[in-house]
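# Observations on chain architecture
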Amino acid sequence: TRLSTDPQEDEIESNRVEKSERDAEDNLDPADAPPAHFLCPILNELMLNPTFNANGQTYEFDAIKEWYERGNRTDPITIVSLEKSYSMTLLIPNHNLHSHIEQWLSEHPSYERRMLRRMNVLKN
């Protein structure tokens, strides 16, 4: 864990650490891990609803929406300031990435089951 003076960076780092701990608990084989570009940079979790923001970066829709609802007006990765009018109104589904993620999940059923358990869709 690193120390930062930026609460937003601390939150992103905290999410990354929590995911690492959950993966260790689930004994996730690194070979079964999704490609890095399938992970939301805010949550460090597989994106199920990948969405472009006004800066062209892709995030999980709920994560980037919450980012802006908290009053942030920068891109979480690039820290580029975004126009207030574009921040929330220009969230566009990334259909191409969504298709690739769906394909990857169909090829990794154990990872999909693990995700469903986390979402409490499956009990075991």
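Our subject is the structure listed above.
Below, the structure is looked at part by part. (Residues numbered from 1 in each chain as written. Predicted model: local features only at pLDDT ≥ 70, side-chain atom pairs only at ≥ 80, totals over all residues. Heavy atoms only, no water.)

It is worth spelling out the nonpolar core at this point. With 19 residues, the main nonpolar core has Ile-42, Leu-46, Ile-64, Ile-101 and Leu-105 as its most contacted residues. Among the secondary structure elements, those contributing two or more residues to this core are helix 2 (61–69), helix 4 (95–107) and helix 5 (109–118). (Core = buried A, V, L, I, M, F, W, Y, C linked by side-chain atoms within 4.5 Å. Buried < 20%, exposed > 50% of the residue type's maximum accessible area, 1.4 Å probe, protein only. Helix = DSSP H or I, 4+ residues; strand = E, 2+ residues; numbered from the N terminus.)

Let us now look at the sheet that holds strand 1 (residues 50–52). Strand pairs in the sheet, formed through backbone hydrogen bonds, run parallel or antiparallel to each other. The sheet built from three strands is open, its strands ordered 2-1-3 with antiparallel pairing. Both edges of this open sheet fall to strand 2 (58–60) and strand 3 (92–93), since each of them pairs with a single strand only. On top of the sheet, helix 2 reaches strand 1 and strand 2; it is set at about 95° to strand 2, its chief contact. (Pairing = 2+ DSSP bridges. Contact = heavy atoms within 4.5 Å. Axes fitted to C-alpha atoms, helices over the stretch in contact; angles between N-to-C directions.)

As a further point, take helix 2. Buried within helix 2 are the following residues: Ala-63, Ile-64, Trp-67 and Tyr-68. Buried residues in helix 2, looked at end-on, bunch into an arc of 130°, giving them a common side. Away from the buried face of helix 2 by more than 90 degrees, exposed residues Asp-62 and Glu-69 are located. Backbone geometry just downstream of helix 2 places Gly-71 in the positive-phi region, at approximately 100°. (Arc of directions from axis to C-beta.)

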